[in-house]
Amino acid sequence: MPYEMTDLERLRHSSAHVLATAILRIWPEAQFAAGPPVEGGFYYDVELEHRITPEDFPRIEKEMLAIVAANQPFEREEISRENALKLGQSGRLAALSNRTMPSKFKMDILREIPEGEVITLYRNGEFVDLCAGPHVVSTASIGAFKLTHLASAFYRGDERNPQLQRIYGTSFSTPEEMDAHFAILEEAKKRDHRKLGKDLRLFHIDDSVGQGLILWCPAGAIIRQELQNFLSTELRLQGYQQVFTPHIARLNLFRTSGHFPYYAESQFPPIIERETLLSLASENCSCAELANHVQEGEIDGFLLKPMNCPMHIKIFTSQPRSYRHLPLRLAEFGTVYRWEQSGELSGMTRVRGFTQDDAHLFCTKEQIDTEIQNCLGLVNKVLKAFRMENYRVRVGLRDPASCKYVGSPENWNHAEDACHKAVTQLGVLYSEEEGEAAFYGPKIDFVIKDILGREWQLGTVQVDFNLPIRFGLSYTGPDGKPHVPVMIHRAPLGSLERFVGLLIEHFAGDFPLWLAPEQTRILPVSEKFADFAQSIVNLFVQSGIRASADLSSEKIGAKIRLAQVEKVPYMLIVGGREQASGQVSVRSRKNGEEGTLPIDDFQRRIQFEIESREL
RNA sequence: GCCGGCAUAGCACAGUGGUAGUGCAGCUGAUUUGUAAUCAGCAGGUCGUCGGUUCGAAUCCGACUGCCGGCUCCA
C-alpha cells in the first residue's frame, strides 16, 4: 500500500542513510537491514562484530556531520531485479564499495519485493542503498541531528533471526526544532508517572509483592476512589447496577467461557486443590502429566480471573430472565490478572493485576444499537471530563483470512454493522481495522495519545455473540419462548491503573481540585496560630474537604515551598490578622496570592469547584 | 521471554582493590517566623542477592533478582 511520508519522515529517513554512510566509513564490513523513520526520529539496524556503545556516538556523529557538510545529493535510480541482485552479491548494497560478503539482508529484502514492482536504488556520495525512498534533495537538508540510544532487535522482529544492533537518532531541518524536541522530552521525563508516583507517594511497586502488582498508597487511593465515585454516579444515571465478584473462580468456569484454553499463555497458572495434588503425587504423577491433566480438563482447580464476564454471566443466570428485565447492565470495578511478559511491564500502564471499570450488558438483538451508542457516549463523556481529547477510535473487525473467531458469520455481520453505525453517529474520527477484533466479537477501542506520542488503549466497547451461546443464556420473550441475549462488554477508562498512570502524566501531578489527594493546607505563620489553623482543618474535614495543617516550626516561606512542591492546590496562610477577622489569606498553587477571604466564602468556593469537577 | 544498559541511606547522587560519603527528607534542640528552603546536632547502609578471585571487594569475575530502553512501524 503506498504510504505518503511527511516531510519530517523523509528527512529522518535520509538521516538514516547518512547514519549508515558514517558507520560504513568507520566499519566498512557493516551489514545493514532496515532503516526507517519512526515517531521522534529514525533508526538503522546493523549487524557488526564491533559492539557499538554510546562512547562511539561522537565518532559516528563526526562522520555524519562531514557527510551533511559535503552536501551530497540523494540520487534515485531504477534498476532491474537481476542487476540489483548482482550488486547485492558483490556486497555493494548499503555499502560504500564492493565487498567480499554479499549484502545479505538487503538481498533478502529484495527477494520479498513482489514481481512487477519498480526497484529503486538511492545514492548519496559513494553510499548505495536499496530503498523505495523518497529522500530529501541532499544531505545538507538535515539541519540538525543527534544519535540518541541503542537497542537490539531481531531481524524482521523474529527471535529466530539474527540479532542486530539498532541505533536510534533524531533529526530536524533546524537546530531550533531539535532543541524544542529535547525540551519536550525533558518535560515528559518530569511528568513520568513512575517518577511522580514515587515523589507524590501515589503508588508503590514492591519486588517482594511481585512484578506488575500495584500497591495504591493513601494519596493514590484517594484519586482512584474519586474516579470510582465519579463513574458510579454516571452508572446510576445510565441504569447500571453494581456488583462484586471474587478474584478467583473454578477453572471449569473459564473452560466454559473459553478463556482458559484461548488465553492460557497470558494467565497466571491455575491453582490446583491440595487434595488433588496429594493424590496425584501418590501416583507419582509428573509435572508434565499434571499439566496435561489440567489442559485436558481432567482435573479442576481455580484460576485468578483474567476477565470478569463469566461471573457476571452467573449473576444473569441466577434467576429466570424475561425481556422485561433487559437490558440488564451489571457493572463492577473488577480486578483481573494477566501474565504479561516481564519485559512488557512498566509502571502502572502495563501491569499484571488491574482493575477494569467493567460492565456487561445483556440485551436483545434489537437493543444492540442503542446500547452501543450509550456506551460510546459514556466513554466520550468521561474522557471529556478530564480533557483527554487527543484520542482516536478504532473499530476492530474480523480478519477475513483467519479462522480463529468464534461465532457465526451472520452474527458477526450484525455486530460489525452495529459498531459501524454507532461510531458514525458518535461523529468522531475513527478507523476500521481488519484483524483487530477479539475472538468473540468486534470491538470499538478508544486509543489515547500521550505527551510522547505513544498510544494507549483505554476504553473499549465489545459486542459478544459468543459467550451467551457458550453459557446457554436465554430470556423469555414476549412470545413466551426462550431467546438468546446479546452481551456487550465495556470499560470507559479501561483499567484504573493505566488510566491513573496516564492521568498523572496528563496533569503532570497537578491534579484538579476534585482529584487532589490533599485539597488545601493551612499554613500558620507561627506556632501561636496552630489552634486557629487546626480549627479550620476540623471545619473543612467535617465538610468533606481534604485539608491538613502544617504545624512545623518552619518559616512561612518554607511551608509554602513544601506545599508547592507537594502540589497542594490551595494554601491558606493564617496569622494574627486572619485570626482576628475570621479570614484566610488564599494562595493557589497556580496563581499565587489571591487575597483574603472570610473562611465561609472560601469554603463555599472550593466546594463548588470540587462538586463541579472543574479542571 | 529475548538483547543491551543499570542497581550505593526514604529520594537524588559521589566514591574503580585498602576504615562507605554529600545534599534533601527524618529525628532532637534552638528559633516564633507574613507568601517558594532559619540554624545546630543526631541518627540512618550486609553498597540488590548468592557464589568466586584476592592478604583485602561497593570496586574484578559468574549466576540470579529487579529496574530502564528496545524487540509493530520493513528496501
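Scroll up to find the structure this text is about.
Residues numbered from 1 in each chain as written. Chains lettered and ligands numbered in written order. Predicted model: local features only at pLDDT ≥ 70, side-chain atom pairs only at ≥ 80, totals over all residues. Heavy atoms only, no water.

### Section: the pairing of strand β15 (residues 353–363)
Counting buried positions along β15 yields eleven of eleven residues, so the element is predominantly enclosed. Every second residue of β15 is oriented toward a common face, with Gly353, Thr355, Asp357, Ala359, Leu361 and Cys363 on one face and Phe354, Gln356, Asp358, His360 and Phe362 on the other, all of them buried. As defined by bridge partners, strand β14 (residues 328–337) adjoins β15 across ten bridges and the pair is classed as antiparallel. Bridged to Arg329 within β15 is Leu361. Inspection of the sheet shows β15 paired to strand β22 (residues 486–491) by five bridges, in the antiparallel sense. For Cys363, the partnering residue across the bridge sits in β22 and is Val486. (Buried < 20%, exposed > 50% of the residue type's maximum accessible area, 1.4 Å probe, protein only. Helix = DSSP H or I, 4+ residues; strand = E, 2+ residues; numbered from the N terminus. Pairing = 2+ DSSP bridges.)

### Description of the sheet that holds strand β23 (residues 520–524)
Taken in spatial order, the five strands make up an open sheet running β24-β23-β25-β26-β27, and their pairing is mixed. Every other strand in the sheet has two partners, leaving β24 (547–549) and β27 (592–598) as the edge strands with one partner each. Here the average twist between neighbouring strands, direction ignored, is 25 degrees. Pairing geometry for β23 and strand β25 (residues 570–574), over five bridges, is parallel. Considered in β25, the bridge of Ile522 is made with Leu572. (Axes fitted to C-alpha atoms, helices over the stretch in contact; angles between N-to-C directions.)

### Structural notes on the packing of helix α13 (residues 368–385) against helix α14 (residues 409–426)
Packing of α13 against α14 leaves a shortest axis separation of 9 Å and a crossing angle of 45 degrees. Overall, the two elements α13 and α14 adopt an arrangement that is oblique. Between α13 and α14 lies a crossing of right-handed hand. Side by side, α13 and α14 meet where Ile368, Asp369, Ile372, Gln373, Leu376, Gly377 and Asn380 of the first sit next to His414, Ala418, Cys419, Lys421, Ala422, Val423, Gln425 and Leu426 of the second. Here the residues of the contact of α13 with α14 sort into eight nonpolar, five polar and two charged. (Parallel < 35°, antiparallel > 145°, perpendicular 65-115°, else oblique. Left-handed = near helix turned anticlockwise from the far one by under 90°. Contact = heavy atoms within 4.5 Å. Nonpolar A, V, L, I, M, F, W, Y, C, P; charged D, E, K, R; others polar.)

### Details of the protein's contact with RNA strand B
For RNA strand B, the set of nearby residues contains 46 residues, the closest of which are Ile113, Leu130, Ser342, Ser553 and Ser585. For RNA strand B, the backbone portion of the atoms within 4 Å of the protein, that is sugar and phosphate, comes to 48%. In this structure, Gln341 approaches RNA strand B through a side-chain N or O atom, which is 2.9 Å from a base nitrogen. Contact distances for RNA strand B include 2.9 Å between a base oxygen and a backbone N or O atom of Gly576. Secondary-structure elements contributing two or more residues to the surface near RNA strand B are α4 (104–112), β7 (144–154), β8 (163–172), α18 (556–565), α19 (576–581) and β26 (583–588). The greatest single-element share of the surface near RNA strand B, amounting to six residues, is contributed by α18. (Near = heavy atom within 4 Å. Polar contact = N/O pair within 3.5 Å; in protein donor to acceptor, adjacent residues only side chain to side chain.)

### Points about the sheet that holds strand β6 (residues 127–130)
Here three strands make up an open sheet; going across it, the order is β4-β5-β6 and the pairing antiparallel. Strands with a single pairing partner mark the edges of an open sheet, and in this sheet they are β4 (75–79) and β6. For this sheet the average axis-to-axis angle between neighbouring strands, irrespective of direction, equals 25 degrees. Relative to strand β5 (residues 119–124), β4 is paired through five bridges, and the arrangement is antiparallel. For Glu77, the partnering residue across the bridge sits in β5 and is Leu121. Against the sheet, helix α3 (residues 81–89) contacts β4 and β5, and its axis sits at roughly 115 degrees relative to β4.

### Regarding the nonpolar core
A general feature of soluble globular proteins is that nonpolar side chains tend to end up buried together. Core analysis: the largest hydrophobic core is formed by 81 residues, its most contacted members being Leu227, Ile372, Phe386, Ile444, Phe499, Leu515 and Phe540. The residues that make up this core include at least three from each of domain 2 (215–247 + 312–507) and domain 3 (520–611). Those residues in contact with Ile444 that lie beyond four places of it in its chain are Ile372, Leu376, Val393, Arg394, Val395, Cys419, Val423, Gly459, Thr460 and Val461. In this structure, Leu11, Tyr44, Leu48 and Ile60 belong to the second largest nonpolar core, which totals 32 residues. (Core = buried A, V, L, I, M, F, W, Y, C linked by side-chain atoms within 4.5 Å. Domains from an automatic or database assignment.)

### Here's the deal with the packing of α3 against α4
At a minimum axis distance of 9 Å, the contact between α3 and α4 shows a crossing angle of 165 degrees. Considering their axes alone, α3 and α4 lie roughly antiparallel with respect to each other. Like other packed secondary-structure pairs, α3 and α4 cross with a definite hand, here left-handed. Here α3 contributes Arg81, Ala84, Leu85, Gly88 and Gln89 to the contact with α4, which in turn contributes Met107, Leu110 and Arg111. Taken together, the residues of the contact of α3 with α4 sort by class into four nonpolar, two polar and two charged.

### Things to note about the pattern of salt bridges
In this structure the tally under the stated criterion is 31 salt bridges. Between Glu234 and Lys381 there is a salt bridge; the shortest N-O distance is 2.9 Å. Taken together, the residues span a long stretch of sequence, with Glu234 in helix α7 (residues 218–237) and Lys381 in helix α13 at a distance of 147 residues. Glu234 sits in the buried class, given a relative accessible area of 7%. Given a relative accessible area of 43%, Lys381 falls into the partly exposed group. In this structure, Arg350 and Glu340 form a salt bridge, with 2.9 Å as the shortest nitrogen-oxygen distance. In this pair, Arg350 sits in the loop between β14 and β15 while Glu340 sits in the loop between β14 and β15, placing the two residues ten residues apart along the sequence. Overall, the relative accessible area of 27% leaves Arg350 in the partly exposed class. (Salt bridge = Lys/Arg side-chain N within 4 Å of Asp/Glu carboxyl O.)

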